[in-house]
Amino acid sequence: MTDTKSGTEPEAAVPVDPNVVSVTLNGRAIEAQKGELVIAAAQRHGVYIPRFCYHERMSSVGMCRMCICEVDTGRGPQLTPTCMVAVAPNMVIDTESEMTKNVQQGILELLLANHPLDCPVCDKGGECPLQDQAFSHGPGESRYIEEKRHFEKPIPISDLVYLDRERCILCDRCTRFADEVAGDALISFTSRGNETHITTFPDEPFSSYFSGNTVQICPVGALTAKPYRFKARPWDLAQQESTCTTCSVGCRIVIDSSRDEVLRYMGVDSEPVNHGWLCDRGRFNFESTKSADRVLQPLVREHDELHEVSWNEALAAAASIIEEAKAAGGAAGVAVIGGARGTNEDAYAWARLAHEVIGTPNVYSQMGDGLPADLLRLDRATIDETASATTIVLLAPDLKEELPVLYLRLREAAEKKRSRIIEFTPKQTGLTRHAWRSISYEPGSQVAAVNEALADAEIAAQLAKGDVVVVFGRANLAETITASVQALHRLLAAAPGTKLLPAFRRGNSVGALQVGLRPGAGGLDTRGVLQAAADGKIDCLVLVGADPLADFPDTELARRGLAGARRTIAVDTFLTGSSARADVVLPACAFGEKDGTTTNLEGRVSNVVRQVSPAGNTRPDWMIASGLATALGSDLGYANVGEITLDIAINVPGFDHVTSAALAASADGVLSGTPTAIWPVTLLEGTAPERNSYDLRLVISRTLYDQAVGTATSPSLAHLPRGSAVHLHPLDLARVGTADGVEVKVRSARATIVLPVVADASVVRGTAWLPWNNPGPNPGELIDCFAAVNDVRIENL
Amino acid sequence: MSSYTWAPGFIDDGDRPQIVTSRFQYEDGHTLERYLATGGYAGLKAALARTPVQVHDEVKAATVLGRGGAGFPAGTKWGLTPVEVWPRYLVVNGDESEPGTYKDRLLMERDPHQLIEGCLIACYAAGLSQCFLYIRGEMALAQERVATALNDAYAAGYIGRNILGSKFSVDVVLHWGAGAYVVGEETALIESLEGNRGMPRLKPPFFPAAIGLYGKPTIVNNVETLANLPWLLTHSAAEYTAIGTATSPGTRMVAVSGHVKRPGVFEIVNGTTTFRDLLYGAEFCQGIRDGNELKAFVPGGGSAPWFLPDQLDLPFEAKLVGAAGSMLGSGAVMVMDETTDIPTAAHTLTRFYAHESCGKCVPCREGGTWLERIMERLADGRGTESDLAQLLEIGQTICPGPFPHAASERLGLEAAPFPFKMTTICFVGPSAYTSVHSAITLFRSEFEAKLIKRKLIPVSVGATDDGH
Amino acid sequence: MSRLNDANEVLAKEIIGRYPKARSATIPLLHVAQQQNGYITNEAIAHIAELVGATSAEVLGTCTFYEMFKMQPVGKYLINICTTMSCALLGAEQLVQHAEQHLGIKAGGTTPDGLFTLERAECQAACTEAPCLQANYRYRYRVTPAQLDQFLDDLADGRLDAEIPPHGVVARVRQSIPVDRGVGAVAPDEVHEAPAWMSLGEKS
Ligand SMILES: Cc1cc2nc3c(=O)[nH]c(=O)nc-3n(C[C@H](O)[C@H](O)[C@H](O)COP(=O)(O)O)c2cc1C
Ligand code: SF4
Ligand code: SF4
Ligand code: SF4
Ligand code: FES
Ligand code: FES
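None of these values were measured; they are calculated from a predicted model. (Residues numbered from 1 in each chain as written. Chains lettered and ligands numbered in written order. Predicted model: local features only at pLDDT ≥ 70, side-chain atom pairs only at ≥ 80, totals over all residues. Heavy atoms only, no water.)

Draft legend 1. Fine view of the site of ligand 2. Looking at ligand 2, there are 14 residues lining it, with Cys168, Ile169, Cys171, Cys174 and Cys218 of chain A nearest. Considered class by class, the residues forming the shell around ligand 2 number 12 nonpolar, no polar and two charged. (Near = heavy atom within 4 Å. Nonpolar A, V, L, I, M, F, W, Y, C, P; charged D, E, K, R; others polar.)

Draft legend 2. Spatial organisation of the sheet that holds strand β2 (residues 28-33) of chain A. Residue and element names in this part refer to chain A. With mixed pairing, five strands are arranged side by side in an open sheet as β2-β1-β5-β3-β4. Whereas interior strands pair on both sides, the edge strands pair on one side only; in this sheet they are β2 and β4 (77-81). With direction set aside, neighbouring strand axes in the sheet form an average angle of 35 degrees. Packed onto the sheet, helix α3 (residues 98-113) meets β3 (68-72), β4 and β5 (92-94) and runs at close to 155 degrees relative to β3. (Pairing = 2+ DSSP bridges. Helix = DSSP H or I, 4+ residues; strand = E, 2+ residues; numbered from the N terminus. Axes fitted to C-alpha atoms, helices over the stretch in contact; angles between N-to-C directions. Contact = heavy atoms within 4.5 Å.)

Draft legend 3. Summary view of the packing of aromatic side chains. For the coordinates displayed, the defined rule picks out 32 aromatic pairs over all chains. When the ring of Phe275 of chain B is compared with that of Phe297 of chain B, the centres are 5.2 Å apart and the planes differ by 45 degrees; the resulting orientation is tilted. Taken together, the residues Phe275 of chain B in helix α12 (residues 275-280) and Phe297 of chain B in strand β9 (residues 294-298) connect sequence positions 22 residues apart. You can call Phe275 of chain B buried: its relative accessible area is 0%. The interplanar angle of 35 degrees and the centroid separation of 5.9 Å between the aromatic rings of Tyr77 of chain C and Phe116 of chain C together place this pair among those described as tilted. Here Tyr77 of chain C is found in strand β1 (residues 77-82), whereas its partner Phe116 of chain C is found in strand β2 (residues 116-121), with 39 residues between them in sequence. The class of Tyr77 of chain C is buried, set by a relative accessible area of 1%. Members of the aromatic cluster, connected to one another through ring pairs, are Phe403, Phe418, Phe420, Phe427 and Tyr433 of chain B. Between the NZ or CZ atom of Arg88 of chain B and the centre of the ring of Trp86 of chain B, over which it lies, the distance is 3.8 Å. (Phe/Tyr/Trp six-rings, centres within 6.5 Å; stacked < 30°, edge-to-face > 60°. Buried < 20%, exposed > 50% of the residue type's maximum accessible area, 1.4 Å probe, protein only. Lys NZ or Arg CZ within 6 Å of the ring centre and 35° of its normal.)

Draft legend 4. The state of the cysteines, seen in detail. Residues and elements named next belong to chain A. Using the criterion set out here, one finds zero disulfides over all chains in the structure. Cys119 forms no disulfide, and the closest cysteine sulfur to it belongs to Cys128, at a distance of 6.4 Å. Residue classification places Cys119 among the partly exposed positions, given a relative accessible area of 33%. (Disulfide = S-S within 2.5 Å.)

Draft legend 5. Up close: the confidence of the model for chain B. All names here are of chain B. On average, residues of chain B score 95 in pLDDT, and 96% of them reach the 70 mark or higher. Predicted confidence is poor over residues 460-468, with pLDDT under 50, and the contacts of this stretch with residues over four places away or in other chains come to one contact. Both scores are available for the predicted complex, with the pTM at 0.95 and the ipTM at 0.97. (pLDDT = per-residue confidence, 0-100.)

Draft legend 6. Examining the interface of chain B and chain A more closely. Counting residues at the interface gives 34 residues for chain B, matched by 37 residues for chain A. Summing both sides of the interface, chain B and chain A together bury roughly 2,900 Å²; the carbon and sulfur share of this comes to 55%. For the chain B face of the interface with chain A, the top three residues by lost area are Arg197, Glu366 and Trp370 of chain B, together amounting to 21%. Our count for the contact surface shared by chain B and chain A stands at three salt bridges. For the pair chain B and chain A, the interface holds 17 residue pairs in polar contact (both at pLDDT 80 or more). Broken down by secondary-structure element, the contributors of at least two residues to the side of chain B that touches chain A are α14 (342-356), α15 (362-379) and α16 (385-398) of chain B. (Buried area = accessible area lost by both parts, 1.4 Å probe. Salt bridge = Lys/Arg side-chain N within 4 Å of Asp/Glu carboxyl O. Polar contact = N/O pair within 3.5 Å; in protein donor to acceptor, adjacent residues only side chain to side chain.)

Draft legend 7. Region of the structure containing the side chain of His729 of chain A. Inspection of the secondary structure puts His729 of chain A in the loop between β30 (726-728) and α24 (730-735). Ignoring any residue separated from it by four or fewer positions in sequence, one finds His729 of chain A in contact with Asp760, Ala761, Val763 and Arg765 of chain A.

Draft legend 8. Broad picture of the site of ligand 1. Residue and element names in this part refer to chain B. Residues in contact with ligand 1 amount to 18 residues; listed here are only the nearest, Gly68, Lys77, Asn221, Asn222 and Thr225. Between an oxygen atom of ligand 1 and a main-chain N or O atom of Glu186, the distance comes to 3.0 Å. Asn221 is positioned such that a nitrogen or oxygen atom in its side chain is 2.8 Å from an oxygen atom of ligand 1. Notes on ligand 1: free accessible area 610 Å², of which the protein chains cover 90%. When residues in the shell around ligand 1 are grouped by element, the largest group, three residues, is from strand β6 (residues 218-222). By residue class, the composition of the shell around ligand 1 is four nonpolar, eight polar and six charged. (Areas by Shrake-Rupley, 256 points an atom, 1.4 Å probe, with all protein chains shown as cover.)

Draft legend 9. Just the nonpolar core, in detail. Judged by nonpolar contacts, the single largest core of 190 residues is most densely connected at Leu399 of chain A together with Trp306 of chain B. Among the elements that take part in this core, helix α17 (residues 428-449) of chain B stands out by supplying nine residues, more than any other. (Core = buried A, V, L, I, M, F, W, Y, C linked by side-chain atoms within 4.5 Å.)

Draft legend 10. View of the interface of chain B and chain C. Counting residues at the interface gives 90 residues for chain B and 70 residues for chain C. Overall, the association of chain B and chain C removes approximately 6,400 Å² of surface from exposure, summing both partners, and the carbon and sulfur fraction of that is 59%. Among the residues chain B hides against chain C, the three largest losses belong to Trp86, Arg161 and Trp176 of chain B. Together they make up 11% of the total. Across the chain B-chain C interface, the total number found is three salt bridges. One salt bridge connects Arg138 of chain C with Glu144 of chain B, and the closest N-O pair in it is separated by 2.8 Å.

Draft legend 11. Seen up close, the domain arrangement of chain B. All names here are of chain B. Per the domain assignment, the segments of chain B are domain 1 (32-241), domain 2 (251-289 + 297-335) and domain 3 (342-448). Just the C-alpha atoms count here: the centres of domain 1 and domain 2 sit 26 Å apart. Across the boundary between the two partners, domain 1 contributes 13 residues, which contact 12 residues of domain 2. For the pair domain 1 and domain 2, the summed buried surface comes to about 1,100 Å²; carbon and sulfur atoms form 54% of the total. It is Arg67, Glu98 and Gly100 in domain 1 that bury the most area against domain 2; as a group they hold 35% of the surface buried on that side. Where domain 1 packs against domain 2, one counts zero salt bridges. Linking domain 1 to domain 2 there are six residue pairs in polar contact (both at pLDDT 80 or more). For the side of domain 1 that touches domain 2, the class distribution of residues is five nonpolar, four polar and four charged. (Domains from an automatic or database assignment.)

Draft legend 12. Region of the structure containing the domain arrangement of chain A. All names here are of chain A. According to the domain assignment, chain A contains domain 1 (20-96), domain 2 (299-366 + 512-596 + 613-652), domain 3 (373-502) and domain 4 (696-796). Here the C-alpha centre of domain 3 lies 35 Å away from the C-alpha centre of domain 2. Contacts between the two partners involve five residues from domain 2, matched on the other side by four residues from domain 3. Here domain 2 meets domain 3 over a buried area of about 370 Å², counting both sides, of which 66% is carbon and sulfur. Looking at the side of domain 2 facing domain 3, the largest losses of area belong to Leu513, Gln514 and Pro553, adding up to 75% of the total buried there. One can count zero salt bridges joining domain 2 with domain 3. Between domain 2 and domain 3 we count one residue pair in polar contact (both at pLDDT 80 or more) in total.

Draft legend 13. Molecular detail of the packing of helix α6 (residues 112-126) of chain B against helix α7 (residues 140-155) of chain B. Residue and element names in this part refer to chain B. Running from amino to carboxyl end, α6 crosses α7 at an angle of 60 degrees, the nearest separation of the two axes being 9 Å. Between α6 and α7, the angle falls in the class oblique. Viewed along their axes, α6 and α7 form a crossing whose handedness is right-handed. Contact residues: Pro112, His113 and Ile116 in α6; Arg145, Val146, Ala149, Leu150, Asp152 and Ala153 in α7. Along the lines of polarity and charge, the residues of the contact of α6 with α7 split into six nonpolar, one polar and two charged. (Parallel < 35°, antiparallel > 145°, perpendicular 65-115°, else oblique. Left-handed = near helix turned anticlockwise from the far one by under 90°.)

Draft legend 14. Representation of the sheet that holds β2 of chain C in the model. All names here are of chain C. A sheet is described by the order of its strands in space; here four strands give the open sequence β2-β1-β3-β4, paired in mixed fashion. Sheet topology places β2 and β4 (138-140) at the edges, where each strand pairs with a single neighbour. Averaged over all adjacent pairs, the angle separating strand axes in this sheet is 25 degrees, with direction ignored. Looking at chain direction, strand β3 (residues 133-135) and β4 are connected through three bridges and run antiparallel. Note that in β4 the partner of Gln134 across the bridge is Tyr139. Lying over the sheet, helix α6 (residues 92-103) contacts β1 and β2, oriented at roughly 165 degrees with respect to β2.

Draft legend 15. Structural detail: the packing of helix α8 (residues 311-329) of chain A against helix α20 (residues 621-631) of chain A. All names here are of chain A. At a minimum axis separation of 9 Å, α8 and α20 run at an interaxial angle of 65 degrees. At the point where α8 passes α20, the crossing takes the right-handed sense. Within the contact between the two elements, α8 uses Trp311, Leu315, Ala318, Ala319 and Ile322 and α20 uses Ile624, Gly627, Leu628 and Ala631. Tallied by class, residues from the contact of α8 with α20 come to eight nonpolar, one polar and no charged.

Draft legend 16. Representation of unusual backbone geometry within the structure. Between Phe418 of chain B and the following residue, Pro419 of chain B, the backbone shows a cis peptide bond with an omega angle of -10 degrees. In this structure, Gln286 of chain B takes a positive phi of about 65 degrees despite not being glycine. Of note, Gln286 of chain B is situated in the loop between α12 and β9. On the basis of relative accessible area, Gln286 of chain B is assigned to the partly exposed category, the value being 32%. For Arg142 of chain C, which is not glycine, the phi dihedral falls at a positive 45 degrees.

Take a look at the structure:
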């Protein structure tokens, strides 16, 4: 008796969860969450309510009316747009009533009334919600005999996106995304009523870094992306999930391919990482892997020219260079730099090759433009923790330019008023207008800026609330990291318990450092390696996907280092300025051509997949390392990449739970742990000198589009960098005697380059800002990487 | 005198109480001098002599019904703001554009200080710290008169900081529209006032009183609603409710247009005056023009389902009119006599709402336009039988289920009462269908008479047994 | 230069100052621009966008929503004949046709001399005075064809210049809030307390 009773009666003792709302969905009792929209609650319980305008990552607008269902809140069934209404206790939801079905059918007929019959030639055909729902909900044929709306067929609204206004169903998704998510409200509805359409302002294209997302969320084929218009039909696509490694955010993507060719990436909604969004650089630089300029065969230099050879010959040549070097100057005469662009497995194999097989301590994955590796030992915040922190302190570069989707996450945190942003920056950034306080400083004066801020009662009170995350990165390539690190420690001391999100830039910087691409005892970092090479102390320089000429801030040192290294071996996908000088070039697989794992800036490990065959005769980096080990008479012992993943889990502190099984079980990847070993990092001593009042302090930072090889070899992106120029605050123009657009000499202690002037109010007065690695004169010529700061003088021609 | 050249259309024949139109008789009724000479700003002074709560209670007790269309009592609405959320705003709806409606413009042109005083009283009572007076863009004279009145009232200390030496401080900002009917809908009005496209943003259960202008509690009131307040404060709720009926106290302004002998705007006693009084009464419209018969009338602005002569004896009382299948709306009666071509007349209204759709929701944007195209065809004599069926089907997507209509003895039709179901955000979509539905339901034969007569193609060409 | 001129920029800033958020001044400023140029130019939109802190695309979106804003030049006199129900019942269509004949253009067009643009308009809140029309938003009531002819001639010959300003000018009187009297607009998020007078009842 008692048994049956306990089985049927809910126990009164169980406390009611205040966040649970009990509602009835199609006759079934379900538990929804407080504040949850009906459409979302239904979906969580397996009932998909058709929709066009609703998008879970944006505010509801209730435009399309497709999601209307009968909902009873005690006043009888009411027609309710389920994307606009939150669940309420005892609500009765009927998504299948006759009335509901009739309404949905009627709305579909109205939507199709003005829709062109384009399906056979539409990129969306086969994956179009409108087409799908017309089949499942709608009437057979249109009774609309009036003339349809006419617009000029697809018009470009940006360099990357086309708009077909006849196909547009005015769902407000693209416009909402542009305004709400990206903060680039450059597309808008115009006109009214039946004449409403989407447009840009004349001569102001939708040049958002995030424009590709609108293509992905457009529920019809109205928005198409130039890189994949008419490329394939969805039904012959093969798909796999992977992770973008263009930057260290590590956005989750789906790679779509057809006939062994990558056709597009789509964002995957990963809750802790990218919420479905991608930046355009990450989305469209797949074109680069198909470039005709890829290195497809191993190359060996003979008589000053590179010749194609077999893998065996190339590996043998590389091995003998290494052995000669060791014989000449010991293992320390060999240096390995790079490796932050590949997978964890690539990095681990190369770390073992360098440290165990070759035995050199001169190993480093960062290119002198990064961050002290020991930051990884501090209490690290996840992206989610950062984007929900009470206070976010930015001591970082412009995240919009360097880690675009992290920018979106933090922008949202500020917009939704979850977090207050306190920014310290040598130039206004994309987040400046979202910051609660934006404090600009002149390079070298970071500590003073932080001290001054801490003395401000409001800022101190804000930090005292706790739950602070500092995003720390390299805001200026023309100064050492020393002052910023000191400022960071000042902050950490002032706000105990503060967590850190290190804004490493390259896709696998964190993974490469953690699995071992860092100096051994007494070893040199990249600056040290280049200096030693320039001094004739490096007999063999190995560049693992590294291009010091393009990435190392001090171009003169990079050039002297490359020239000074007796022999060079390069592992690369393209012949870059640096790898083109190598004695042996080992052609590497590109993204999408190899399996493995990658680690993003928060330490999250997720998988990357081989979706197409490697181009030409290329091999994954780890396999190249294995081959080289064998050629050196050793054996790393790896037959496939999974064995390395396992080896990492066994051997790398913090990675013990990062197994293939764990990765397979978690779509969002697995967070690795904090490294335990102590990594000594030496910061260059020295404080910034006073700036001579005739000089300007140099600030050099990256823009999203530059001449990075993946961008430069993607035809859709290649023309997007804006070009090298010297940006000055408008009020400084007169002081230095120049004007907007005029060409001037920019002279540093190192060199003089000639550049046009751009008046730019985002530049701090007294500083000169130049974009890194843009077409035109190279600002790296101006930088002395040993100087705490670099100053320049502007001179007329 | 019964009408005045300076107040076109206004007629005050007869001996009716005048709550809001008392100064229309003066050519200079819009000036501060005349206003002060006729008891102006006494209501404000009376209000300032009491506490905000007392003033609010007085307005509640009077049951001042909203005159913008929905008829919601103003005092109750002011009480819907969430407690202790500040700031709160007042937005005055002077966007008058509902077909047939003509009263707010007169109030703004003829007696702007009365409106301003009403605004001040509302702000005082409900703690509204800034007032935005949104006037329809096309009303140049009303804008000039209100601007002048505001400038004079500021100078005289009736608006602004420490009004009449009290703690009460409020700015009244004149704002003007630019031509879009839908902006009269209160959430669209707020969007427009925020500088956006005037698209309604109805987001149940958050009405403007809770989340309005800039996301803050906002009271939206119609011009005429507020114009009642000075009188109420110099008199009393008891005197106010002594006029009219318990559910419809006071007076209201009504415009009667179309085929009557003497079209005009009248301040009538609420709740008791009947449509027959209005259309045929000597002090009102004096009957149908040219001695013609009444065919139909729209009782409450273009959005209201039509009435027939059967409904003439209904009074101006919301419940009764609702039960009879229509609504009182914005105080606008449009009269059609026997000569009226019903499909053409209905088309002018469908066209209006289709043209005024903001384009936000599919049933209105696409459905309204489709209705309009078919109606145009039918009115021009190019329609077919299937067009009639199509109209009703589109209507079922905009307003699924039964739709209100009047009873008709001639057709043996019972009334279908208010309200109706709708799939749109605001009432523009349903309104595009209202005239279609009323016209087809009450005058189907007129549509049928205009259909294209297609010759029936014989089913078989062989000989038939009836001799052909 | 079809951005706002200096005087109008000063006016624009005064108008913006009345609102808790600058964006609210968008429509008033578009009227200022239309008053200056007779229609709305792209340069004016870009200028207004700068002034109110929106993108040009957003201001364009707002601008094109509203009937009164013209993105192309129109005649000096915009003649709007109401064709909604009350006016239609009393001959509005015949009036439109008459105007079309008189001006030699179709509704929607502009006379070659740039003097008149003719439009069919929706209800003008003068329904008891049907059929009615507006010229640059100034009314004429119960208009007969003969009166229409006379009116158009009077306009063309400048006899109504005092009453009817050129297109773009709507109200000729503007509100101006005296500095010493105005309360001033406060950003909505900076107000957290009830206005001072609300405590008046609490003493008793
Ligand atoms: C499409 C539509 C148009 C409207 N137009 C007006 C209008 O022009 N003037 C007005 O006062 N109310 C109009 N209303 C009603 C307003 O939404 C609102 O209810 C009213 O302004 C509230 O004021 P009240 O309570 O004083 O009547 C309209 C409503 C709808 C749905
Ligand atoms: S273009 Fe696509 S996303 Fe944008 S409104 Fe149209 S249908 Fe929606
Ligand atoms: S933000 Fe970074 S990881 Fe994300 S798509 Fe862009 S480049 Fe790829
Ligand atoms: S019903 Fe019409 S006017 Fe109203 S919101 Fe929908 S589309 Fe706009
Ligand atoms: S999905 Fe709800 S209205 Fe569009
Ligand atoms: S219908 Fe013409 S003014 Fe109202």
